[in-house]
Amino acid sequence: MKVLMRGVHLQLTDSLRDYATRHLVDPIAKFIDDEASEVDISLVDINGSKGGVDQECRVTVRMAGFSSIHVTETAETMFQAIDSVRDRLENTIKRTVEKRREISNDGLPQDVRF
C-alpha cells in the first residue's frame, strides 16, 4: 500500500506524521491487502493563524477494483480530525468490501460461499 501524506498551510512535523501513521494508516491497512492500493492524506489548516475549528483531515483511498473512497473531517485539533476520519473510513471500507463479498457470493450454493 502506497501512502502519500502532505500538510497544507501547516508544517507536517514528525510527531504529526507518526500520529497519522499509527492512528489512521495502520488501522485501515488490515482492510487493504494489495500493493496497488493508495492512501492520499491531506492535513489542512483552513484559517491559518486566525484559529477556530479549522483543522481538516482529508483522505482518499484508491483500491483496485473499487471506486475511490473520500472522507473529510474538520475539528479543533488535527489529532481529533485524524481520529474522526479513521472511524468513518474504517466503517466505509468495511461496508464497501462486504458489498463486494455479497455480490461475489450471489448465485453460489450455500456450502460453497466464502
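Parameters at a glance
Residues numbered from 1 in each chain as written. Predicted model: local features only at pLDDT ≥ 70, side-chain atom pairs only at ≥ 80, totals over all residues. Heavy atoms only, no water. Helix = DSSP H or I, 4+ residues; strand = E, 2+ residues; numbered from the N terminus. Buried < 20%, exposed > 50% of the residue type's maximum accessible area, 1.4 Å probe, protein only. Contact = heavy atoms within 4.5 Å. Areas by Shrake-Rupley, 256 points an atom, 1.4 Å probe, with all protein chains shown as cover. Pairing = 2+ DSSP bridges. Axes fitted to C-alpha atoms, helices over the stretch in contact; angles between N-to-C directions. Core = buried A, V, L, I, M, F, W, Y, C linked by side-chain atoms within 4.5 Å. Phe/Tyr/Trp six-rings, centres within 6.5 Å; stacked < 30°, edge-to-face > 60°.

Caption draft 1: Broad picture of the overall build of the protein. Helix and strand counts for the protein stand at 2 helices and 4 strands. Counting helices and strands in the order they occur from the N terminus, the protein gives β-α-β-β-β-α. The buried share of the protein, reckoned over its 114 residues, is 35%. Within the protein, counting contacts between residues at least 6 apart in sequence, those at least 24 apart form 50% of the total. Total accessible area on the protein stands at roughly 6,900 Å², and carbon and sulfur atoms take up 47% of it.

Caption draft 2: Spotlight on the sheet that holds strand 1 (residues 2-8). Sheet architecture is open: 4 strands sit in the order 1-2-3-4, paired in mixed fashion. Whereas interior strands pair on both sides, the edge strands pair on one side only; in this sheet they are strand 1 and strand 4 (69-75). Strand-to-strand twist of the sheet, defined as the mean angle between neighbouring strand axes without regard to direction, takes the value 10°. Pairing between strand 2 (residues 38-45) and strand 3 (residues 55-62): 8 bridges, direction antiparallel.

Caption draft 3: Expanded view of the nonpolar core. If you look at the biggest cluster of nonpolar residues, it comprises 26 residues, and the most contacted ones within it are Ile41, Cys57, Val59, Val61, Ile82 and Leu89. When residues in this core are grouped by element, the largest group, 7 residues, is from helix 2 (residues 78-105). Not counting residues within four places of it along the chain, the set of residues in contact with leucine 89 comprises Leu24, Ile28, Val59, Val61, Ile69 and Val71.

Caption draft 4: Spotlight on the pairing of strand 4. Note that strand 3 and strand 4 share 7 bridges and pair antiparallel. Within strand 4, the position partnered with glutamine 55 by the bridge is alanine 75. Taking the residues between adjacent antiparallel strands as the criterion, strand 3 and strand 4 are bridged by 6 residues, where glycine 65 takes a positive phi near 85°.

Caption draft 5: Molecular detail of the packing of aromatic side chains. This structure, assessed with the given rule, holds 1 aromatic pair. Aromatic pair tyrosine 19 and phenylalanine 79: ring centres 4.7 Å apart, planes at 80°, arrangement edge-to-face. Of this pair, tyrosine 19 sits in helix 1 (residues 14-29) while phenylalanine 79 sits in helix 2, placing them 60 residues apart in sequence. By relative accessible area, tyrosine 19 is classed as buried at 14%. Taking the relative accessible area as the measure of exposure, phenylalanine 79 reaches 39% and is therefore partly exposed.

Caption draft 6: Summary view of the pairing of strand 2. With 7 of 8 residues buried, strand 2 lies mostly within the body of the structure. Alignment of strand 1 against strand 2, held across 7 bridges, turns out to be parallel. Its bridge partner lying in strand 2, leucine 4 is registered against aspartate 40.

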